[in-house]
2 protein chains.
Amino acid sequence: MEKLAWMNLLYDFYGQLLTQRQQKFVELYYAHDLSLGEIAEQFGVSRQAVHDVLKRAEHILTRYEEKLGLVAKFMEQRRRLGEALSLLDENCSMNEETLSRVREILRAVMG
Amino acid sequence: MEKLAWMNLLYDFYGQLLTQRQQKFVELYYAHDLSLGEIAEQFGVSRQAVHDVLKRAEHILTRYEEKLGLVAKFMEQRRRLGEALSLLDENCSMNEETLSRVREILRAVMG
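Nothing here was measured: the structure is a model prediction, and the numbers come from that model.

Notes on the nonpolar core
In step 1: Counting 53 residues, the largest nonpolar core has Phe-13, Tyr-14 and Leu-70 of chain A together with Phe-13, Tyr-14 and Leu-70 of chain B as its most contacted members.
In step 2: Beyond its immediate stretch of four places on either side in the chain, Leu-70 of chain B contacts Phe-13, Tyr-14 and Leu-70 of chain A together with Phe-13, Tyr-14 and Glu-65 of chain B.
In step 3: Among the nonpolar cores identified, the runner-up in size contains 18 residues, and Leu-88 of chain A together with Leu-81, Ala-84 and Val-102 of chain B belong to it.

What follows is the structure in structure tokens.
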């Protein structure tokens, strides 16, 4: 998985454990794709300061995942549900409405 | 949900964020159903000390859930997958082997 997607997932799970400033910078950098310079300007700090906050936030999020492994567990669940969906698509005959409801549920859980 | 089941779930998700002693006491008390007195005796401490460690651990686990809400999210997923399973059981005709494989996957994900 790319670093960008991975950081966004980590942030989805553990972001609330960061300070408000760390949260803000991570959102702007990883979810809204702003550059270090743009964030620095917006907050009136140096690029280096933004860089340091982001590194610190990444370190914290990574440590939580190392301890708890909940993102890895979630990805494994997603893989399994994808497998269940494929099996249903290939092998199941049921009315279209039920099938679409089941698909909808599984997709919602897969996130 | 009963407190016992709830504490065991919280511990499954966030237990690794407790100290080793907190983990040990929570496991013995909530998962293995030892009494405060039995744990106290085993570790050579007072019943009150065991009680205090457990209260502190409960507080920490509860705080993490208040911040992250991952157990609540998991329970909602489980509810939804249960719904999908019911729909499949009622409406789906497919060969027995496939059905049992899909059921197995969904149950595994439901934990």
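Resuming the write-up.
Examining the relation of the copies chain B and chain A
In step 1: Aligned on chain A, chain B shows an RMSD of 0.0 Å; the corresponding rotation is 180° and the shift along the axis is 0.0 Å. What the superposition gives is, in effect, a two-fold axis relating one chain to the other.
In step 2: Of the residues that chain B buries at the interface, 100% are likewise interface residues in chain A, meaning the two copies contact each other through the same surface.

Brief notes about the interface of chain B and chain A
In step 1: Facing the 28 residues of chain B at the interface are 28 residues of chain A.
In step 2: Summed over both partners, the interface of chain B with chain A buries about 2700 Å², with 70% contributed by carbon and sulfur atoms.
In step 3: Taken together, the links from chain B to chain A amount to 0 residue pairs in polar contact (both at pLDDT 80 or more).
In step 4: Put simply, the parts of the chain that give the side of chain B that touches chain A at least two residues each are α1 (3-14), α4 (47-68), α5 (70-91) and α6 (96-110) of chain B.
In step 5: It is α5 of chain B that contributes the most residues to the side of chain B that touches chain A, 10 residues altogether.

Overview of the confidence of the model for chain A
In step 1: Summarising the model, chain A shows a mean pLDDT of 89, and 93% of its residues fall at 70 or more.
In step 2: If you check the scores for this complex, the pTM reads 0.83 and the ipTM reads 0.79.

With respect to the domain arrangement of chain A
In step 1: Along its sequence, chain A is organised into domain 1 (3-68) and domain 2 (73-110).
In step 2: Computed over C-alpha atoms only, the centres of domain 1 of chain A and domain 2 of chain A are separated by 33 Å.

Quick notes on helix α2 (residues 20-31) of chain A
All names here are of chain A.
In step 1: Along its 12 residues, α2 runs 15 Å from first to last C-alpha, staying within 8% of the 16 Å computed at 1.5 Å per residue.
In step 2: For α2, the set of buried residues is Gln-22, Gln-23, Phe-25, Val-26, Leu-28 and Tyr-30.
In step 3: Along its buried surface, α2 packs onto α1 (3-14), α3 (36-43) and α4 (47-68).
In step 4: Positive phi shows up at Asp-33, right after α2, with a value of about 60°.

Structural notes on α1 of chain A
In step 1: Its 12 residues place the ends of α1 of chain A 16 Å apart at the C-alpha level, agreeing with the 16 Å of an ideal helix rising 1.5 Å per residue.
In step 2: Residues Met-7, Leu-9, Leu-10, Tyr-11, Phe-13 and Tyr-14 of chain A constitute the buried set of α1 of chain A.

Some details on the packing of aromatic side chains
Aromatic ring pairs are defined here through the distance separating the ring centres and the angle between the ring planes.
In step 1: For the structure shown, the criterion picks out 11 aromatic pairs over all chains.
In step 2: Between Phe-13 of chain A and Tyr-14 of chain A, the ring centres sit 6.1 Å apart and the planes meet at 55°, which makes this aromatic pair tilted.
In step 3: Judged by its relative accessible area of 8%, Phe-13 of chain A falls in the buried class.
In step 4: Taken together, the ring pairs connect Phe-13, Tyr-14, Tyr-64 and Phe-74 of chain A together with Phe-13, Tyr-14, Tyr-64 and Phe-74 of chain B into an aromatic cluster.
In step 5: Stacked on the ring of Phe-13 of chain B, the Lys or Arg Lys-73 of chain A has its end atom at 4.9 Å from the ring centre.

Re the side chain of Gln-77 of chain A
In step 1: Structurally, Gln-77 of chain A can be placed in helix α5 (residues 70-91).
In step 2: Residues contacting Gln-77 of chain A, with those up to four places away along its chain left out, are Phe-74, Gln-77 and Val-109 of chain B.

Thoughts on the pattern of salt bridges
In step 1: By the definition in use, this model includes 12 salt bridges over all chains.
In step 2: Taking the shortest distance from any N to any O, the salt bridge between Glu-58 of chain B and Lys-55 of chain B comes out at 3.1 Å. With a gap of 3 residues between them, Glu-58 of chain B and Lys-55 of chain B both fall in helix α4, about one helical turn apart.
In step 3: For Glu-58 of chain B, a relative accessible area of 10% gives the class buried.
In step 4: Residue classification places Lys-55 of chain B among the partly exposed residues on the basis of a relative accessible area of 40%.
In step 5: Through salt bridges with shared partners, a single ionic network connects Glu-76, Arg-79, Arg-80 and Glu-83 of chain A.

Quick look at the environment of Gly-69 of chain A
All names here are of chain A.
In step 1: Examined against the element boundaries, Gly-69 turns out to sit in the loop between α4 and α5.
In step 2: Look at Gly-69 and you get partly exposed, because its relative accessible area is 23%.
In step 3: The spatial distance from the C-alpha of Gly-69 to the C-alpha of Gly-15 is 15 Å, given a sequence separation of 54 residues.
In step 4: For Gly-69, the contacting residues outside a window of four places in its chain are Tyr-14 and Tyr-64.

Definitions and cut-offs
Residues numbered from 1 in each chain as written. Chains lettered and ligands numbered in written order. Predicted model: local features only at pLDDT ≥ 70, side-chain atom pairs only at ≥ 80, totals over all residues. Heavy atoms only, no water. Core = buried A, V, L, I, M, F, W, Y, C linked by side-chain atoms within 4.5 Å. Buried < 20%, exposed > 50% of the residue type's maximum accessible area, 1.4 Å probe, protein only. Contact = heavy atoms within 4.5 Å. Least-squares fit on C-alpha atoms with pLDDT ≥ 70 in both. Buried area = accessible area lost by both parts, 1.4 Å probe. Polar contact = N/O pair within 3.5 Å; in protein donor to acceptor, adjacent residues only side chain to side chain. Helix = DSSP H or I, 4+ residues; strand = E, 2+ residues; numbered from the N terminus. pLDDT = per-residue confidence, 0-100. Domains from an automatic or database assignment. Expected span 1.5 Å × (residues − 1). Phe/Tyr/Trp six-rings, centres within 6.5 Å; stacked < 30°, edge-to-face > 60°. Lys NZ or Arg CZ within 6 Å of the ring centre and 35° of its normal. Salt bridge = Lys/Arg side-chain N within 4 Å of Asp/Glu carboxyl O.

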